Amino acid sequence: MSWQEILINLAISFIAGIISGIIVSFVCTYFIENRLKRREEYKNKLLLSLLFFETLETKMSGYTLEYINNQLVEYRNLYESDSELKEAFHIVDVGLSSTIHMNIRGGSGLYDFSNEDFFKFKKILERRIKKMKKLLISLLFVFTFSLFLTACSNSSTPSNNSNTTNKHVHSYSTQVIEATCATDGYTYHYCSGCGDNYKDNIVKALGHDYVEREQNYKCSRCERYEDEGFTFSLITSADARYNESYNGRVNTYQITSVSSKALEDGKLTLPRKHMGYSVTGISRGALYNIRSSMKEIIILSNIKYIGSLLVCYDGQYNKPNETIALENIKFDSNCSNINISHTAFEFCDNVTNISMPNNCITMMNHDDRVGNHFLFEDTRYYKKNRVEENGCYYLFNILLETDKTKVPSTVTVKSGTRMIANQAFIGNTNIRAVELPSSLIYIGKKAFAQNSNLSTIIYHGTKTQYDSIIIESNTFEDCKTITYQFI
């Protein structure tokens, strides 16, 4: 150790000793002086208490105080306890200006104390305090000197120890962990001598290499089936006669439920094929069983229908008690013409990312109830990324909701908008005219219902183009006669 380090250690030890001694001295002195001050606050009552306490402590245990200046004391019993002595003299008020005589009667007779005894005892007490202070100062120097010697001893030894102590040298064994479809690969290093370990050369998980077979898709590396963990129902022509959402999807499968077996590290990918038929949809409440463990859902281009209440329907509508884990919704870049329920992702308030191509959704279904809920309403992604224009709120190219207090009497729907969601303008009696862009392909249920003062629709396009827009039967429910202008 260098001489600079030795000096620093000595200085630190010396300062620490002084500070410690001062603190100890201050605390002890404070309690001793405070004890005297408390007695002085009682004036002569406390001095009397101290005198009798000292007397009783040495030779008068069990005696009784009878008179002070010929005043009878009501609390006669004296004990060897400071607090009880104070209590005994609480009713006595004696001034030092007058002669004080205290009569104590005991087994050996009557004892008499006067002013002289008080001042004599006070001087004795003050001498004791001075002696205590000297003792504390002596202890301070002893304590400081001992710390100083300890620092000197410690400062002289480390340089020798550093020469004699052998530094541990790691001896790592190495193991290469290959990446799999679902887990990362890496090189693992481990020291058998001390247990130290680390990973490097990280290789990202390979992902499944699904190959289409006659029945389904199977990974060429891990032999996992793409439809593993899913339950399906086959759509028949009979089903299609009673449910228009099945139209165009006869002899395809719809997912009815999903188990945790379908998840890989919290990620769910909807399958493309089952038992030789395409998978084209997912039913209401199908994700209920994995609502608290599914963090990501990937929707491939084969999916054309998404039902309602995916995570909160188990035969009846239930608001989930636990947290919905879903954070990421990813539509494949080739997704198109999806008919999705406006409540598909209700209660999914942890969703922070949604990726979706512009032509992904073309229609909104209602296999539950119309209600006033709109698509993606509960997600954090919507609340952060929605765009507001004249009281209309957009996400991607869909007008999802409006603020009645901000919407003008003549509404201009933003150019490029492809869909107007269900009940977007419902009950807004302030609207008198609506201007629609030629990009529009769908207007949802009751979008303009109960707009009693709506009288004009201005469309940027031809009547043939307007007629090609999918307009739900009750879109303009309870509206007056509407005139159309095509520009």
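All figures in this text were calculated on a predicted structure; none of them were measured in a lab.

## Structural notes on the overall build of the protein chain
Helix and strand content of the protein chain: eight helices and 30 strands. Expressed as a percentage of its 487 residues, the buried residues of the protein chain come to 41%.

## As for the pairing of strand β7 (residues 197-203)
Bridge count for strand β6 (residues 185-191) against β7 is five bridges, and the pairing is antiparallel. What sits directly across from Gly185, in β7, is Val203.

## Section: the environment of Ser438
Structurally, Ser438 can be placed in the loop between β26 (433-436) and β27 (442-443). A relative accessible area of 46% places Ser438 in the partly exposed class. Put simply, Ser438 and Gln465 are 27 residues apart on the chain and 7.5 Å apart in space, counted from C-alpha to C-alpha.

## Focus: the sheet that holds strand β24 (residues 410-412)
With parallel pairing, the four strands of this open sheet are ordered in space as β24-β26-β28-β30. Two strands close off the open sheet at either side, each with one partner strand: β24 and β30 (483-486). Taking each pair of neighbouring strands and ignoring which way they run, the sheet shows an average axis angle of 15°. Where β26 meets strand β28 (residues 456-459), four bridges bridge the pair, whose relative direction is parallel. From the neighbouring strand, Glu435 faces β28, where its bridge partner is Ile458.

## Quick look at the sheet that holds strand β22 (residues 392-395)
Spatially, the six strands line up as an open sheet ordered β21-β22-β23-β25-β27-β29, and their pairing is mixed. The open sheet has two free edges, formed respectively by β21 (387-389) and β29 (470-471), since each of these has just one partner strand. Both β21 and β22 contribute to a ladder of three bridges, which runs antiparallel. By the bridge assignment, Val387 is partnered in β22 with Tyr394.

## Observations regarding the state of the cysteines
Working definition: the covalent bond between the sulfur atoms of two cysteines is a disulfide. With the rule as written, the count across this model stands at zero disulfides. For Cys335, which is in no disulfide, the shortest distance to another cysteine sulfur is to Cys360 and amounts to 4.7 Å. A relative accessible area of 1% places Cys335 in the buried class.

## Points about a positive patch on the surface
A cluster of basic side chains, namely Arg127, Lys130, Lys131 and Lys134, defines a positive patch on the protein surface. Structurally, Arg127 can be placed in helix α4 (residues 115-156).

## With respect to unusual backbone geometry
The backbone of Phe347 shows a phi angle near 75°, a positive value even though the residue is not glycine. Not every positive phi belongs to a glycine, and Phe376 is a case in point at roughly 65°. You can see Phe376 is positioned in the loop between β20 (361-365) and α7 (380-385). Judged by relative accessible area, which is 2%, Phe376 ranks as buried.

## Structural notes on the environment of Tyr317
Here Tyr317 shows up in the loop between β16 (305-306) and β17 (328-331). Residue Tyr317 is classed as partly exposed on the basis of its relative accessible area, which comes to 37%. In the structure, Tyr317 is positioned 32 residues away from Gly285 in sequence and 8.9 Å away in space, judged by C-alpha atoms.

## What to know about the pattern of salt bridges
For the structure shown, the criterion picks out nine salt bridges. Across the pair Lys273 and Glu212 runs a salt bridge, and its minimum N-O distance is 3.1 Å. Taken together, the positions of Lys273 in strand β13 (residues 273-274) and Glu212 in strand β8 (residues 210-212) put the pair 61 residues apart, joining distant regions of the chain. Between Glu228 and Arg224 there is a salt bridge, with its nearest N and O atoms 3.8 Å apart. What makes Arg224 buried here is its relative accessible area of 13%. When salt bridges that share partners are traced, they join Arg224, Glu228 and Glu264 into one network.

## Brief notes about the nonpolar core
The nonpolar side chains of soluble globular proteins are, as a tendency, buried together. Membership of the largest hydrophobic core comes to 49 residues, with the highest contact counts inside it found for Leu268, Leu287, Ile306, Phe331 and Phe376. By residue number, the principal contributor to this core is strand β11 (residues 253-258), which donates three residues. Apart from the residues lying within four places of it in its own chain, the contact partners of Leu268 are Phe230, Val258, Ala262, Leu263, Leu287, Ile290, Met294, Glu296, Ile297 and Ile298. Counting 24 residues, the second largest nonpolar core, distinct from the first, contains Cys392, Phe448, Ile457 and Phe476.

## What about a nonpolar patch on the surface?
On the surface, Ile15, Ile19 and Ile23 cluster together to form a nonpolar patch covering roughly 280 Å² of accessible area. The residue Ile23 is located in helix α1 (residues 3-41) in this model.

## Considerations on the side chain of Asp227
Looking at the element boundaries, Asp227 is found in the loop between β9 (217-219) and β10 (230-234). Buried within the structure, Asp227 lacks any salt-bridge partner; its nearest side chain of opposite charge belongs to Arg213, at an N-O separation of 7.2 Å. Among residues more than four places away in sequence, those in contact with Asp227 are Asn216, Phe232, Pro271, Lys273 and His274.

## Let's talk about the packing of aromatic side chains
Applying the stated rule across the entire model yields 14 aromatic pairs. Ring plane angle 20° and centroid distance 6.0 Å describe the contact between Phe345 and Phe376, whose orientation is recorded as stacked. Here Phe376 lies in the loop between β20 and α7 and Phe345 lies in the loop between β18 (338-341) and β19 (353-355), a separation of 31 residues in the sequence. Here Phe345 and Phe376 have matching classes, each one buried. Here the aromatic residues Phe230, Phe232, Tyr253 and Tyr277 are joined through ring pairs into a cluster of three or more. In this structure, Arg272 is placed above the aromatic ring of Tyr217, and the distance from its NZ or CZ to the ring centre is 3.9 Å. Here Arg284 stacks its cationic end above the ring of Tyr313, 4.3 Å away from the centre of that ring.

## A look at the environment of Ile298
Its place among the elements puts Ile298 in strand β15 (residues 296-299). By relative accessible area, which is 13% here, Ile298 ends up buried. For Ile298, the contacting residues outside a window of four places in its chain are Lys267, Leu268, Thr269, Leu270 and Lys330.

Conventions we followed
- Residues numbered from 1 in each chain as written.
- Predicted model: local features only at pLDDT ≥ 70, side-chain atom pairs only at ≥ 80, totals over all residues.
- Heavy atoms only, no water.
- Helix = DSSP H or I, 4+ residues; strand = E, 2+ residues; numbered from the N terminus.
- Buried < 20%, exposed > 50% of the residue type's maximum accessible area, 1.4 Å probe, protein only.
- Pairing = 2+ DSSP bridges.
- Axes fitted to C-alpha atoms, helices over the stretch in contact; angles between N-to-C directions.
- Disulfide = S-S within 2.5 Å.
- Patch = residues over 30% accessible without salt bridge, like charges linked within 9 Å, V, L, I, M, F, W, Y side chains within 5 Å.
- Areas by Shrake-Rupley, 256 points an atom, 1.4 Å probe, with all protein chains shown as cover.
- Salt bridge = Lys/Arg side-chain N within 4 Å of Asp/Glu carboxyl O.
- Lys, Arg positive; Asp, Glu negative; His and termini not counted.
- Charge placed at Lys NZ, Arg CZ, Asp CG, Glu CD.
- Core = buried A, V, L, I, M, F, W, Y, C linked by side-chain atoms within 4.5 Å.
- Contact = heavy atoms within 4.5 Å.
- Phe/Tyr/Trp six-rings, centres within 6.5 Å; stacked < 30°, edge-to-face > 60°.
- Lys NZ or Arg CZ within 6 Å of the ring centre and 35° of its normal.

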